[in-house]
Amino acid sequence: MPTAKAAPGKTLLDPFNHALIMIDFQSQMSFATKSIDAVALRNNTSLVAKAAKEFKVPTILTTVAEKTFSGPMYGEITSVFPEETLIDRTSMNTWEDPRIAERVNAIARDKITLCGLWTSVCIVGPALSAIDQGFEVYVIADACGDVSDEAHDRAMDRMVQAGARPMTSLQYLLELQRDWARTDTYVQTTTTAAQHGGAYGLGIIYAKTMFGASEGH
């Protein structure tokens, strides 16, 4: 008979147990993305970037052929991480670039969270490679996109079958916060949710404006 304990499960993400890799959020990759609306994708991407920054999650930013073909990374990301140097690759599989391996090893965390374009190529590659090398992999599904719904969905299926754990951008933010009594990150978490959290964000704005409500206080 198991015993309940007031403690989080080992598969939950927290600010100290994972690294985030944001992959190929670039203009050329976005033009052909059809599985998610571009506005929604940019919104979700901004939410993820701000969440990682707020909670000081080690974040790797990488592009492919930035200067010669794919264009710059979204400003929603680079404006949040102005101090980060983008790693520009030739390989479609991020994990095959030695500079990425070097950064991952320097960060030294066994959980890897991925998001980017396209799901079936630039996310599947590092996800399956990292899993094969013993890492736990999480994929933020609504901060990824592909050339069709079918391509995105089959890529997610393939990664999940291999052991990856799917999640959403808002889930990522709230999983890092997890307790509204964590006052040091409360304001920024609710601010980010209000800006990018859709109907949930509207609810936060309404509650705070109309009667000064706050979660857990």
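Structure's up top.
**Considering the packing of helix 9 (residues 183-196) against helix 10 (residues 198-211)**
Axis separation between helix 9 and helix 10 bottoms out at 6 Å; the angle between their running directions is 120°. When the axes of helix 9 and helix 10 are compared, the pair comes out oblique. Every pair of crossing elements has a handedness; the one defined by helix 9 and helix 10 is left-handed. Side by side, helix 9 and helix 10 meet where Tyr186, Thr190, Ala193, Ala194 and His196 of the first sit next to Gly198, Tyr200, Gly201, Ile204, Ile205 and Lys208 of the second. By residue class, the composition of the contact of helix 9 with helix 10 is six nonpolar, four polar and one charged.

**A look at the packing of aromatic side chains**
Summed over the entire model, instances satisfying the criterion amount to three aromatic pairs. Measuring from ring centre to ring centre gives 5.5 Å for phenylalanine 25 and tyrosine 74, while their planes differ by 55°; the resulting arrangement is tilted. With phenylalanine 25 in the loop between strand 1 (18-23) and helix 1 (27-31) and tyrosine 74 in the loop between helix 3 (66-70) and helix 4 (75-78), the pair connects residues that are 49 residues apart, well separated along the chain. Between tryptophan 95 and phenylalanine 135, the ring centres sit 5.4 Å apart and the planes meet at 75°, which makes this aromatic pair edge-to-face. Residue tryptophan 95 is found in the loop between strand 3 (87-89) and helix 5 (98-107), and its partner phenylalanine 135 is found in the loop between helix 6 (119-132) and strand 5 (136-145); the two are separated by 40 residues along the sequence. We classify phenylalanine 135 as buried; its relative accessible area is 19%.

**Some words on the state of the cysteines**
On inspection of all chains with the given rule, the structure shows zero disulfides. Its sulfur unpaired, cysteine 144 is 6.0 Å from the next cysteine sulfur, which belongs to cysteine 115.

**A look at helix 7 (residues 149-162)**
With 14 residues, helix 7 extends 20 Å from end C-alpha to end C-alpha; this agrees with the ideal 20 Å at 1.5 Å per step. Check the buried side of helix 7 and you find it contacts helix 6, strand 5 and strand 6 (165-167). Looking one or two residues beyond helix 7, the residue adopting positive phi is glycine 163, at roughly 115°.

**Section: the sheet that holds strand 5**
Ordered in space as 3-2-1-4-5-6, the six strands form an open sheet in which the pairing is parallel. Each end of this open sheet is capped by a strand with a single partner; those strands are strand 3 and strand 6. Here the strands of the sheet are splayed against their neighbours by 25° on average, with no regard to which way each runs. Both strand 1 and strand 4 (residues 111-117) contribute to a ladder of six bridges, which runs parallel. Counterpart to isoleucine 21 in the pairing with strand 4 is leucine 114. Contacting strand 1, strand 2 (59-64), strand 3 and strand 4, helix 5 runs over the sheet at an angle of about 175° to strand 2. The sheet contacts of helix 6 involve strand 1, strand 4 and strand 5, and relative to strand 4 the element is tilted by about 165°.

**Remarks on the pattern of salt bridges**
Inspection of the entire model under this criterion finds nine salt bridges. Among the salt bridges present, the one from arginine 42 reaches glutamate 76, with a minimum N-O distance of 2.7 Å. With arginine 42 in helix 2 (residues 38-54) and glutamate 76 in helix 4, this residue pair connects regions lying 34 residues apart in the sequence. Judged by its relative accessible area of 43%, arginine 42 falls in the partly exposed class.

About the thresholds
- Residues numbered from 1 in each chain as written.
- Predicted model: local features only at pLDDT ≥ 70, side-chain atom pairs only at ≥ 80, totals over all residues.
- Heavy atoms only, no water.
- Axes fitted to C-alpha atoms, helices over the stretch in contact; angles between N-to-C directions.
- Helix = DSSP H or I, 4+ residues; strand = E, 2+ residues; numbered from the N terminus.
- Parallel < 35°, antiparallel > 145°, perpendicular 65-115°, else oblique.
- Left-handed = near helix turned anticlockwise from the far one by under 90°.
- Contact = heavy atoms within 4.5 Å.
- Nonpolar A, V, L, I, M, F, W, Y, C, P; charged D, E, K, R; others polar.
- Phe/Tyr/Trp six-rings, centres within 6.5 Å; stacked < 30°, edge-to-face > 60°.
- Buried < 20%, exposed > 50% of the residue type's maximum accessible area, 1.4 Å probe, protein only.
- Disulfide = S-S within 2.5 Å.
- Expected span 1.5 Å × (residues − 1).
- Pairing = 2+ DSSP bridges.
- Salt bridge = Lys/Arg side-chain N within 4 Å of Asp/Glu carboxyl O.

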